[in-house]
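Remarks on the overall topology
Each chain, letter by letter, is given below.
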Amino acid sequence: MALVEVRNLNKIYSQGESPLGAKISGRNEVRAVDDVSLDIHSGETVGLVGESGSGKSTLGRLILRLIEPTSGSIRFEDRDLLAASHGEMRRLRRDMQIIFQDPFASLDPRFRVEDIIAEPLVIHRNAQRNPQGTRNTKDGIRDRVVELLRAVGLDESIRQRFPHEFSGGQRQRIGIARALALRPKFVVADEPVSALDVSVGAQIVNLLAQLQRDFGLTYLFISHSMPVVRYLSTRIAVMYRGKIVEVGSTEQITERPQHPYTRSLLEATPEVEV
Ligand SMILES: Nc1ncnc2c1ncn2[C@@H]1O[C@H](COP(=O)(O)OP(=O)(O)O)[C@@H](O)[C@H]1O
Ligand SMILES: [Mg+2]
């Protein structure tokens, strides 16, 4: 049984819905995600790669149920996510987190680092998920924040500072610490290094790999860049115009691509060291 099972998932946006004036196809609708099926197994990293506008973010958000699909099914640990009640969904949310592309927009500038990282713990205060099985007390939360800062390679002394005091790479580490606060099993990383310089991005990718080993995480790692995706992924799913056109092991996809679009992606992206 896969950790995440996506079956025949669709997300159709109607004309006029797009704030950015999306391309309109066919009957005045955008098939942002078009009949997608995908399994993600526990402990693996599935890389989701495709050009801008191919539907990667929409698929990632659908899987976390941050947006509702037009049709299809999503199972998480064999539970039907779309049938989950509000309360069940709230519990499930602890196990599924997202890391965003833009570490500037995703951290509230009015809050201190420790409050940003602690917020999920406060929201789920009574969830009894800390290792001692005790409730998340104020001290417990502070200790957990320190632990998380260390895990993402930041000094605990920065707890009282504000996001704007940090570089993009440091902010992304803060965002990652927040995403890991509730000990999730599954993390969608949506272009987590695309806003960063290459060398800083490489450090973040290495951190994500380290955290996966340390905490047994499962990733859906979204990027438009094949070199970044191939570095981290066990398997790669190639997305084009809302469809997954090819999925296979990283070796299969990069050494023996079957679909012309996959070949064009590989040609467009020269080998770079990450
Ligand atoms: N809220 C929305 N309303 C209308 N169209 C949208 C919305 N979000 C995304 N789209 C459209 O769906 C398609 C896929 O977008 P997206 O999932 O953001 O692609 P990617 O992450 O691969 O760049 C695009 O054509 C985009 O314009
Ligand atoms: Mg996107």
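Sequence positions are assigned chain by chain, starting from 1 and proceeding in written order. Just so you know, chain letters begin at A and ligand numbers begin at 1, following the order they were written in. Note on the predicted model: pLDDT of at least 70 is required for a residue's local features to be given, and 80 or more for side-chain atom pairs to be given and counted; whole-chain, interface and lining totals, by contrast, use all residues. Side-chain numbers here rest on the full set of heavy atoms in the structure, without hydrogens or water.

Section: the sheet that holds strand β4 (residues 71–76)
This is how it is decided: When DSSP finds two or more bridges between two strands, those strands count as paired. Only runs of H or I of at least four residues qualify as helices and only runs of E of at least two qualify as strands under DSSP, and these elements are numbered from the N terminus. It only takes one pair of heavy atoms within 4.5 Å for two residues to be counted as in contact. Axis definition: a line fitted to C-alpha atoms, over the contacting stretch in the case of helices. Angles run 0 to 180 degrees between N-to-C directions.
Sheet architecture is open: 4 strands sit in the order β2-β1-β4-β5, paired in antiparallel fashion. The open sheet is flanked by β2 (29–40) and β5 (79–80), the only strands paired with a single partner. Two strands pair when backbone bridges link them, and strand β1 (residues 4–14) and β4 are joined in this way by 5 bridges, in the antiparallel orientation. For V4, the partnering residue across the bridge sits in β4 and is F76. Strand contacts of helix α1 (residues 56–63): β1, β2 and β4, with the helix running at about 120 degrees to β1, the strand carrying the most contacts.

Some thoughts on the layout of surface pockets
This is how it is decided: A cavity, in this analysis, means grid points on a 1 Å lattice covering only the protein atoms where a 1.4 Å probe fits yet has no way out; a pocket is instead an open set bounded by protein on both sides within 12 Å along at least five of seven lines, and a residue lines either one if it has an atom within 4 Å of a point. Grid points are joined across faces, edges and corners, and a volume is the space filled by probe spheres set on the points. Gly is placed with the polar residues, together with every amino acid not listed as nonpolar (Ala, Val, Leu, Ile, Met, Phe, Trp, Tyr, Cys and Pro) or charged (Asp, Glu, Lys and Arg). Note that domain bounds follow an automatic or database assignment of domains.
Of the volumes computed, that of the second largest pocket is approximately 430 Å³. Lining the second largest pocket we find 19 residues, and of these Q97, I98, F100, P120 and R178 sit closest to its centre. Elements with a contribution of two residues or more to the lining of the second largest pocket: α2 (86–93), β6 (96–99), α3 (113–123) and α5 (168–180). Among the residues making up the lining of the second largest pocket, the classes are represented as 11 nonpolar, 5 polar and 3 charged. Both domains that meet at the lining of the second largest pocket, namely domain 1 (1–95 + 185–274) and domain 2 (111–183), each give it at least three residues.

Comments concerning α5
As a reminder of what qualifies: Each helix should span, by expectation, one fewer than its residue count multiplied by 1.5 Å. Buried means the residue's accessible area, taken with a 1.4 Å probe over protein chains only, is under 20% of the maximum for its type, while exposed means over 50%, and partly exposed covers the values in between.
Between its first and last C-alpha, α5 extends 18 Å over 13 residues, near the 18 Å set by a 1.5 Å rise per residue. For α5, the buried fraction is high: 11 of the 13 residues fall into the buried class.

Here we look at the packing of aromatic side chains
The following threshold applies: Aromatic contacts are taken between Phe, Tyr and Trp rings whose centres are within 6.5 Å, Trp giving its six-membered ring; a plane angle under 30 degrees counts as stacked, one over 60 as edge-to-face, and the others as tilted.
Enumeration over the complete set of coordinates arrives at 2 aromatic pairs. Pairing F76 with F186 gives two aromatic rings, centres 6.3 Å apart and planes at 45 degrees, and the pair type is tilted. Of this pair, F76 sits in strand β4 while F186 sits in strand β7 (residues 186–190); the two residues are 110 residues apart in sequence, bridging distant segments of the chain. The exposure classification of F76 matches that of F186, with both residues buried.

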